Amino acid sequence: MVSFGLSYIGATVGLVLGQLRVALLVYVLGSPVAGAATSLAISTAGTLTGTWRHARDGRVDLWLLASVGLPSALAAFATARWAGSVDARLLKAVIAGVLLLTGASMLRRPPDPTSPSGHVPSRTFAVLAEVVVGAVLGAISGLVGLLLGSLRLPAMIRYARVAPPVAIGTNMAIGAVTGLSAGVATFLQGQVDLTAFAIVTPLTLLGANLGARRTGSLDPDSLRRWIAAVLLLSATLMLGELAVAHWRAG
């Protein structure tokens, strides 16, 4: 039910909100690796459903899907294959760090997409920036099991000057190709908990399809502030647990 709510709200505002799901799965499954991999597989299923709806309604920019999505997918596949060899405590700390970063970024007021820009970068620089951003976020996605759309979406609106409805659809499409690539790698490595995947995915798909239909009908500012507070709280709890475990071990 939590995943249904997350996918419904996420598809509406162009985010997957896997940060909350991965935190729950890490604790339920008792493994950061299994939790991250399973959450990534579930998020990918949800984004594919939401992307289909957004694409049908003309809210996906194919150029950004190629310039950001392709390097993101390749990097995610590469890092997801060896995520299982990363120390479990380190991986949990990275997940918590991403939660903090995402929560803090979501608390910032989004830019006005219609405001004038003081400096317009060259097209070559813009394309290079899109590729680099895609690759970096994709590499992190493969490690921590998050599609990081909440970091990518503000950048698309602020720097790529994409209209919010198109940014929402394109962001979800980039998340879909990133998650699909990393998801294949995690399935090949046997890191996905198939039982949890089978239980959580169906309602996630339903929520994503229903949410994508309502893009723009919910107040994104209120949702963003509420979600950011939960992310920051989740990250604080995870870091606190790591600190206590380290103190006891010492």
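Residues numbered from 1 in each chain as written. Predicted model: local features only at pLDDT ≥ 70, side-chain atom pairs only at ≥ 80, totals over all residues. Heavy atoms only, no water.

Under the annotation held in an unreviewed UniProt entry, the protein carries the name Probable membrane transporter protein and is attributed to Nannocystis bainbridge. Taken from UniProt, the Sequence similarities (unreviewed entry) comment for the protein reads in full: "Belongs to the 4-toluene sulfonate uptake permease (TSUP) (TC 2.A.102) family." (UniProt positions renumbered as here; feature names shortened; annotations may be inferred.)

Take the UniProt feature "transmembrane region" (unreviewed entry) in the protein next. With numbering matched to this structure, UniProt assigns "transmembrane region" (unreviewed entry) to residues 22-42, 62-83, 127-150, 162-188, 194-212 and 224-247. A distance of 36 Å separates the end C-alpha atoms of residues 162-188, which is 93% helix and 0% strand. (Helix = DSSP H or I, 4+ residues; strand = E, 2+ residues; numbered from the N terminus.)

This brings us to the nonpolar core. Counting residues in hydrophobic clusters, the biggest one holds 14 residues, and the most contacted among them are Val22, Ile95, Leu146 and Met238. For this core, the secondary structure elements donating two or more residues are helix H2 (18-29), helix H5 (88-107), helix H6 (123-144) and helix H10 (220-249). Leave out the neighbours within four places in its chain, and Ile95 touches Val22, Val26, Val144 and Met238. Counting eight residues, the second largest nonpolar core, distinct from the first, contains Leu64, Leu153, Val162 and Ala167. (Core = buried A, V, L, I, M, F, W, Y, C linked by side-chain atoms within 4.5 Å. Buried < 20%, exposed > 50% of the residue type's maximum accessible area, 1.4 Å probe, protein only. Contact = heavy atoms within 4.5 Å.)

Below, the discussion takes up the pattern of salt bridges. One side chain can pair with another of opposite charge once the charged atoms of both are near each other. What the rule picks out here adds up to two salt bridges. Linking Asp57 and Arg53 is a salt bridge whose minimum nitrogen-to-oxygen distance equals 3.8 Å. On the accessibility criterion, Arg53 (15% relative accessible area) is buried. The salt bridge involving Arg59 is made with Asp57; its shortest N-O contact spans 3.4 Å. Exposure remark for Asp57: the relative accessible area of 36% places this residue in the partly exposed category. Sharing partners across several salt bridges, the network here consists of Arg53, Asp57 and Arg59. (Salt bridge = Lys/Arg side-chain N within 4 Å of Asp/Glu carboxyl O.)

This paragraph deals with the packing of helix H3 (residues 32-56) against helix H8 (residues 164-188). Relative to each other, H3 and H8 sit at 145°, their axes nearing to 7 Å. Along this stretch, H3 crosses H8, giving a crossing that reads as left-handed. Facing Ala37, Leu40, Ala41, Thr44, Thr47, Leu48, Gly50, Thr51 and His54 of H3, the residues of H8 in contact are Ile168, Gly169, Met172, Ala173, Gly175, Ala176, Gly179, Leu180, Ala182, Gly183, Thr186 and Phe187. Tallied by class, the residues present in the contact of H3 with H8 amount to 11 nonpolar, 10 polar and no charged. (Axes fitted to C-alpha atoms, helices over the stretch in contact; angles between N-to-C directions. Left-handed = near helix turned anticlockwise from the far one by under 90°. Nonpolar A, V, L, I, M, F, W, Y, C, P; charged D, E, K, R; others polar.)

Inspection of the secondary structure assignment puts Ser234 in helix H10. Separated by 134 residues in sequence, Ser234 and Leu100 place their C-alpha atoms 8.5 Å apart. Sequence-distant contacts of Ser234, that is, excluding residues within four places in its chain, are made with Leu20 and Leu99.

What follows deals with the packing of helix H4 (residues 62-80) against H8. H8 packs onto H4 with a crossing angle of 25° between their chain directions and a minimal axis gap of 8 Å. With respect to their mutual orientation, H4 and H8 come out roughly parallel. Crossing handedness for the pair H4 and H8: right-handed. Where H4 abuts H8, its residues Leu64, Leu65, Val68, Gly69, Ser72, Ala73, Leu74, Ala76, Phe77 and Ala80 lie against Thr170, Ala173, Ile174, Val177, Thr178, Ser181, Ala182, Val184, Ala185 and Thr186. (Parallel < 35°, antiparallel > 145°, perpendicular 65-115°, else oblique.)

Within an α-helix, residues lying three or four positions from one another point in the same direction, as the helix has 3.6 residues per turn. Compared with the 28 Å implied by 1.5 Å per residue over 20 residues, the 29 Å span of helix H9 (residues 194-213) between its first and last C-alpha is a close match. Helix geometry: H9 is bent most strongly at Thr201, by close to 35°, with proline Pro202 lying one to four residues after it. Listing the buried residues of H9 in full gives Ala196, Thr201, Thr204, Gly207, Ala208, Asn209, Gly211 and Ala212. The opening residue of H9, the one whose side-chain oxygen lies 3.2 Å from the backbone nitrogen of Thr195, is Asp193. (Expected span 1.5 Å × (residues − 1). Bend = angle between axes of the 7 residues up to and from the residue. Polar contact = N/O pair within 3.5 Å; in protein donor to acceptor, adjacent residues only side chain to side chain.)

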